[in-house]
Amino acid sequence: MALLQEWRDKAYSETANKGDLQRLWTDYFQKERDIYAQLLKNPDEVVTGTVKGLAEKFGIDLMYMVGFLDGINDSLKEQNPIDDMTEDTEVNLGFDKELLYKNMVAAGADWLYGLEEWKAIFDEDKLKALYKEEKSSHTVRKENKVYPNDPCPCGSGKKYKKCHGRNA
């Protein structure tokens, strides 16, 4: 089984104990934060190595490294072959700074886009502009609310409360 699929099966398991999953994600997010803090200290340095080698370099479990690579891949200047990588696959962490920041904002990862290290890369105005740009790029479309006395959207001709809204 490919490493990425193994990570996703573990991290997004529908059958796992919820407490175990919560502990996994809490631990993962702390380690992810620490890796980003290190990477952002030298944002122009392209860190490379095997998946296993980078896991050892950052002092994390191999599966956590796979999760990290999955998370950062869309922010890289040159994406890694994450779908079929093995522990010996050579990968790089050469990220686009603006794209990485915006992707962190899009993911709602305040523990990442709020890192102090960003302040040495971008001034406060730039950080605010990137944040605003990312937030405004996703317009939320509100669905029309159906009230109990409205006609049912299914087209039956009945009031919503007498049709599909009966069990709502």
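Right, let's walk through the structure included here. All figures in this text were calculated on a predicted structure; none of them were measured in a lab.

## Quick look at a positive patch on the surface
On the surface, K158, K159, K161, K162 and R166 cluster together into a positively charged patch. The residue K159 is located in the segment after helix 8 (124-136) in this model. Note on K159: relative accessible area 41%, which makes it partly exposed.

## As for the pattern of salt bridges
Scanning the model with the defined rule gives nine salt bridges in all. Residues K52 and E87 are paired through a salt bridge, measuring 4.0 Å at the closest nitrogen-oxygen approach. Within this pair, whereas K52 is found in helix 3 (residues 51-58), its partner E87 is found in the loop between helix 4 (62-72) and strand 2 (90-92), the two being separated by 35 residues in sequence. Residue classification places E87 among the partly exposed positions, given a relative accessible area of 31%. Across the pair K102 and E133 runs a salt bridge whose closest N-O atoms are separated by 2.7 Å. Of this pair, K102 sits in helix 5 (residues 97-106) while E133 sits in helix 8; the two residues are 31 residues apart in sequence, bridging distant segments of the chain.

## Let's talk about the packing of aromatic side chains
Applying the stated criterion across every chain yields a total of 14 aromatic pairs. Aromatic side chains F29 and W111 sit 4.6 Å apart centroid to centroid with 50° between the ring planes, which places their arrangement in the tilted category. Placement of the pair is F29 in helix 2 (residues 18-41) and W111 in helix 6 (residues 110-113), with a sequence separation of 82 residues. The interplanar angle of 75° and the centroid separation of 6.1 Å between the aromatic rings of Y101 and Y113 together place this pair among those described as edge-to-face.

## A closer look at the environment of L100
Position of L100 among the secondary structure elements: in helix 5. The exposure class of L100 is buried, given its relative accessible area of 1%. Separated by 25 residues in the primary sequence, L100 and S75 have C-alpha atoms spaced 4.9 Å apart.

## A closer look at helix 3
Looking only at helix 3, the buried set comprises V51, L54, A55 and F58. Mapping the buried residues of helix 3 onto a view down its axis gives an arc of 105°, with all of them on the same face. Exposed residues lying more than 90 degrees from the buried face of helix 3 are E56 and K57. Of the residues one or two after helix 3, G59 is the one with positive phi, at around 65°.

## Comments concerning the packing of helix 3 against helix 4
At a closest axis distance of 9 Å, the pairing of helix 3 and helix 4 adopts a crossing angle of 105°. As judged from the angle between their axes, helix 3 and helix 4 are roughly perpendicular. Here helix 3 contributes V51, K52, L54, A55 and F58 to the contact with helix 4, which in turn contributes L62, M65, V66 and L69. The class makeup of the residues in the contact of helix 3 with helix 4 is eight nonpolar, no polar and one charged.

## Digging into helix 5
Listed as buried for helix 5 are L100, Y101, K102, M104 and V105. Those residues of helix 5 hidden inside the fold are in contact with helix 2, helix 4, helix 6, helix 7 (118-121) and helix 8. The opening residue of helix 5, the one whose side-chain oxygen lies 3.1 Å from the backbone nitrogen of E98, is D96. Two residues or fewer after helix 5 comes G108, characterised by a positive phi angle close to 70°.

## Observations concerning the side chain of S75
Looking at the element boundaries, S75 is found in the loop between helix 4 and strand 2. What makes S75 buried here is its relative accessible area of 1%. Those residues in contact with S75, other than ones at most four positions away along the chain, are F95, D96, L99, L100 and N103.

Definitions and cut-offs
Residues numbered from 1 in each chain as written. Predicted model: local features only at pLDDT ≥ 70, side-chain atom pairs only at ≥ 80, totals over all residues. Heavy atoms only, no water. Patch = residues over 30% accessible without salt bridge, like charges linked within 9 Å, V, L, I, M, F, W, Y side chains within 5 Å. Areas by Shrake-Rupley, 256 points an atom, 1.4 Å probe, with all protein chains shown as cover. Salt bridge = Lys/Arg side-chain N within 4 Å of Asp/Glu carboxyl O. Lys, Arg positive; Asp, Glu negative; His and termini not counted. Charge placed at Lys NZ, Arg CZ, Asp CG, Glu CD. Helix = DSSP H or I, 4+ residues; strand = E, 2+ residues; numbered from the N terminus. Buried < 20%, exposed > 50% of the residue type's maximum accessible area, 1.4 Å probe, protein only. Phe/Tyr/Trp six-rings, centres within 6.5 Å; stacked < 30°, edge-to-face > 60°. Arc of directions from axis to C-beta. Axes fitted to C-alpha atoms, helices over the stretch in contact; angles between N-to-C directions. Parallel < 35°, antiparallel > 145°, perpendicular 65-115°, else oblique. Contact = heavy atoms within 4.5 Å. Nonpolar A, V, L, I, M, F, W, Y, C, P; charged D, E, K, R; others polar. Polar contact = N/O pair within 3.5 Å; in protein donor to acceptor, adjacent residues only side chain to side chain.

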